[in-house]
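Residue-level structural notes
The residues making up each chain are set out below.
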Amino acid sequence: MKAEKPEARVFHRQCCACGARRQKAELLRIVRFNDGSVRLDPSGKQDGRGAWICREPECIRKAVKKHSPARVLKTEVPAEVYAQLEDMIEAG
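Within every chain, residues take consecutive numbers counted from 1 along the sequence as written. In keeping with the model being predicted, local features are shown solely for residues with a pLDDT of at least 70 and side-chain atom pairs are shown and tallied solely at 80 or more, while totals for entire chains, interfaces and linings include all residues. As a rule here, side-chain values cover all heavy atoms of the structure and leave hydrogens and water aside.

1. Some details on the sheet that holds strand 4 (residues 38–40)
Put simply, the rule reads: Any two strands are treated as partners once DSSP identifies two or more bridges connecting them. Here a strand is any run of E in DSSP of at least two residues, a helix any run of H or I of at least four, and the numbering for each starts at the N terminus. Only the stretch in contact is used when a helix axis is fitted, and all axes are lines through C-alpha atoms; the angle between N-to-C directions ranges over 0 to 180 degrees. We call two residues contacting when some pair of their heavy atoms lies within 4.5 Å.
The three strands are arranged 4-3-5 in an open sheet whose pairing can be described as antiparallel. Pairing within the sheet leaves two strands with one partner each, and these edge strands are strand 4 and strand 5 (49–54). Pairs of neighbouring strands in the sheet enclose a mean axial angle of 25 degrees, with direction left out of account. Each of strand 3 (27–32) and strand 5 is contacted by helix 1 (residues 57–66), which is oriented at about 130 degrees to strand 5, the strand it contacts most. Strands in contact with helix 3 (residues 79–91) are strand 3, strand 4 and strand 5; relative to strand 4, the strand with the most contacts, it is inclined by about 15 degrees.

Okay, here's the thing in structure tokens:
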């Protein structure tokens, strides 16, 4: 009899706006690279320090208003990154 494969572990991340813990696929990621640049990370896999935000419009609005990604990333987040997040809200 073959041994069954163990189930894959599911890793959770915490939203920097609301504090909810969710699977990576349910969150958006903003990443600070080693050179200091900050961008959205659609794949969620780029190297660097990451700030995670729920894909819900309320969380995105809260993150933009309170600048919580800047606190998590320990650096200023460029206005164009916040603009991209706001565009995601409008796109629905």
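2. Examining helix 1
Rules: Burial status follows relative accessibility: with a 1.4 Å probe on protein chains alone, a residue under 20% of its type maximum counts as buried, one over 50% as exposed, and anything between as partly exposed. Directions from the helix axis toward the C-beta atoms define the arc.
Three or more residues of helix 1 are buried, namely Cys59, Ile60, Ala63 and Val64. Burial along helix 1 is one-sided: seen end-on, the buried residues are contained in an arc of 130 degrees. Opposite its buried face, helix 1 presents the exposed residues Glu58, Lys65 and Lys66, each directed more than 90 degrees away. Lining the buried residues of helix 1 we find strand 3, strand 5, helix 2 (68–73) and helix 3. Following helix 1 by one or two positions, His67 has its phi on the positive side, about 55 degrees.

3. Some remarks on helix 3
Spelled out, the test is: An expected span of 1.5 Å times one less than the residue number is assigned to each helix.
Between its terminal C-alpha atoms helix 3 stretches 18 Å, which fits the 18 Å expected from 13 residues at 1.5 Å a residue. Within the sequence span of helix 3, burial applies to Val81, Tyr82, Leu85 and Ile89. The buried residues of helix 3 occupy one face: seen down the axis, they fall within an arc of 100 degrees. Counted as exposed and oriented over 90 degrees from the buried face of helix 3: Ala79, Glu80, Glu90 and Ala91. Residues of helix 3 that are buried make contact with strand 3, strand 4, strand 5, helix 1 and helix 2.

4. Description of the packing of helix 1 against helix 3
For the record, the criterion: An angle below 35 degrees is treated as roughly parallel, one above 145 as roughly antiparallel, one from 65 to 115 as roughly perpendicular, and anything else as oblique. Working rule for handedness: look at the near helix, and if it is turned counterclockwise from the far one by less than a right angle, call the crossing left-handed; if clockwise, right-handed. Only Asp, Glu, Lys and Arg are considered charged, only Ala, Val, Leu, Ile, Met, Phe, Trp, Tyr, Cys and Pro nonpolar, and every remaining residue, Gly among them, polar.
Look at helix 1 against helix 3: their axes get within 10 Å of each other, and the N-to-C directions meet at 155 degrees. Comparing their axes, helix 3 and helix 1 come out roughly antiparallel. Pair helix 1 / helix 3 crosses with left-handed handedness. Of helix 3, the residues touching helix 1 (which contributes Pro57, Ile60, Arg61, Ala63 and Val64) are Tyr82, Leu85, Glu86 and Ile89. The residue makeup of the contact of helix 1 with helix 3, split by class, is seven nonpolar, no polar and two charged.

Coordinates in, geometry out; function isn't part of it.
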